[in-house]
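This is what each chain is made of:
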Amino acid sequence: RKVMVKNLETGATRALPAPGWMQLSDLEWARDGKSLYVAGSRSWGQRGQIWRIGLADGAVQLVTPGFHDYGSVSVRQSGNALAAVRTTLASHLWYVPTTGTPEENGAQARQITRGTALVGNPRVAPDGKHLTVVSEAGGEMNIWVMDLDGTNHRQLTYGASQDFWQAWSPDG
């Protein structure tokens, strides 16, 4: 997806020389007319953020980094602040036994991850003592390993590669 700008006087249309966007949810002109504020994400695993795009050079500046999902941007008349909708997403990993009744299993369930980072795709190791998960705890979706009780977290993959799936080999 591209951000396109059309000059209504000349009819000329051009794409801003910014990177491609995976998702765009809103945009608004800066009050000085020299840039746009865009709510969107540049990759599938990234949450929506507010970005400032310079019209002259296409420079992209992240305005709202973090683990929140931003959208619906509106710039204050003075140009020195903006309003945006911020959604906080979180998921937690739970240990749930399967040996009792549903009520007993539910009563013995315990949360093993904390915080605001997304976590998913749990895989228990063949030894039953370790667990891998996909988490954005390090800032990007990467694979982590931990003890089954949620302690001793260790990041296995690094970077913006969007690591979503993992599997244990039969020998661990």
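Here the structure is a predicted model, which is why all the values come from computation and not from measurement. (Residues numbered from 1 in each chain as written. Predicted model: local features only at pLDDT ≥ 70, side-chain atom pairs only at ≥ 80, totals over all residues. Heavy atoms only, no water.)

Here we look at the overall build of the protein
So, step 1. If you tally the helices and strands in the protein, you get one helix and 14 strands.
So, step 2. Radius of gyration (C-alpha) of the protein: 22 Å, far over the 16 Å computed for a compact globule of 172 residues.
So, step 3. Taking the principal axes of the C-alpha coordinates as reference, the protein spans close to 70 × 35 × 25 Å.
So, step 4. When burial is assessed residue by residue, the protein has 31% of its 172 residues classed as buried.
So, step 5. Considering only residue pairs separated by 6 or more positions, the protein has 29% of its internal contacts joining residues 24 or more positions apart.
So, step 6. Just so you have it, the protein exposes about 10400 Å², and 53% of that area is on carbon and sulfur atoms.
So, step 7. Distance from the positive charge centre (16 side chains) to the negative charge centre (15 side chains) of the protein: 9 Å. (Helix = DSSP H or I, 4+ residues; strand = E, 2+ residues; numbered from the N terminus. Rg over C-alpha atoms; globule rule 2.2 N^0.38 Å. Buried < 20%, exposed > 50% of the residue type's maximum accessible area, 1.4 Å probe, protein only. Contact = heavy atoms within 4.5 Å. Areas by Shrake-Rupley, 256 points an atom, 1.4 Å probe, with all protein chains shown as cover. Lys, Arg positive; Asp, Glu negative; His and termini not counted. Charge placed at Lys NZ, Arg CZ, Asp CG, Glu CD.)

Quick notes on the nonpolar core
So, step 1. Ranked by size, the top nonpolar core spans nine residues in total: V3, V5, L16, W21, L36, V38, W51, I53 and L55.
So, step 2. When residues of this core are traced back to their parent elements, those giving at least two are β4 (35–41) and β5 (49–54). (Core = buried A, V, L, I, M, F, W, Y, C linked by side-chain atoms within 4.5 Å.)

Side note on the pattern of salt bridges
So, step 1. One pass over the full model with this rule turns up one salt bridge.
So, step 2. The salt bridge partner of R31 is E28, with a shortest N-O separation of 3.0 Å.
So, step 3. Taking relative accessible area as the criterion, R31 reaches 39% and is therefore assigned partly exposed.
So, step 4. Assessed through its relative accessible area of 18%, E28 is described here as buried. (Salt bridge = Lys/Arg side-chain N within 4 Å of Asp/Glu carboxyl O.)

Remarks on the sheet that holds strand β6 (residues 60–62)
So, step 1. Ordered by their spatial adjacency, four strands build an open sheet running β3-β4-β5-β6, and the pairing between neighbours is antiparallel. Pairing within the sheet leaves two strands with one partner each, and these edge strands are β3 (23–29) and β6. The average angle at which neighbouring strand axes cross in this sheet is 30°, direction not considered.
So, step 2. Pairing of β4 with β5, which is carried by six bridges, proceeds in the antiparallel orientation. Across the sheet, the residue bridging to L36 is I53, located in β5. (Pairing = 2+ DSSP bridges. Axes fitted to C-alpha atoms, helices over the stretch in contact; angles between N-to-C directions.)

Section: the packing of aromatic side chains
So, step 1. A complete count under the given rule lists one aromatic pair for this structure.
So, step 2. Where W21 meets W51, the ring centres are 5.6 Å apart and the plane angle is 70°; that geometry is what we call edge-to-face. Note that W21 is positioned in the loop between β2 (13–15) and β3 and W51 in strand β5, a separation of 30 residues in sequence.
So, step 3. Sitting over the face of the ring of Y95, R110 holds its NZ or CZ atom 4.3 Å from the ring centroid. (Phe/Tyr/Trp six-rings, centres within 6.5 Å; stacked < 30°, edge-to-face > 60°. Lys NZ or Arg CZ within 6 Å of the ring centre and 35° of its normal.)

Some words on the sheet that holds strand β12 (residues 130–135)
So, step 1. Taking strand neighbours across the sheet as the criterion, the four strands line up as β11-β12-β13-β14 in an open arrangement whose pairing is antiparallel. In this open sheet, the two strands that pair with only one neighbour each are β11 (119–124) and β14 (154–155).
So, step 2. Strand direction decides the pairing type here: β12 and strand β13 (residues 142–147), joined by six bridges, are antiparallel. Note on β13: the bridge partner recorded for V133 is W144.

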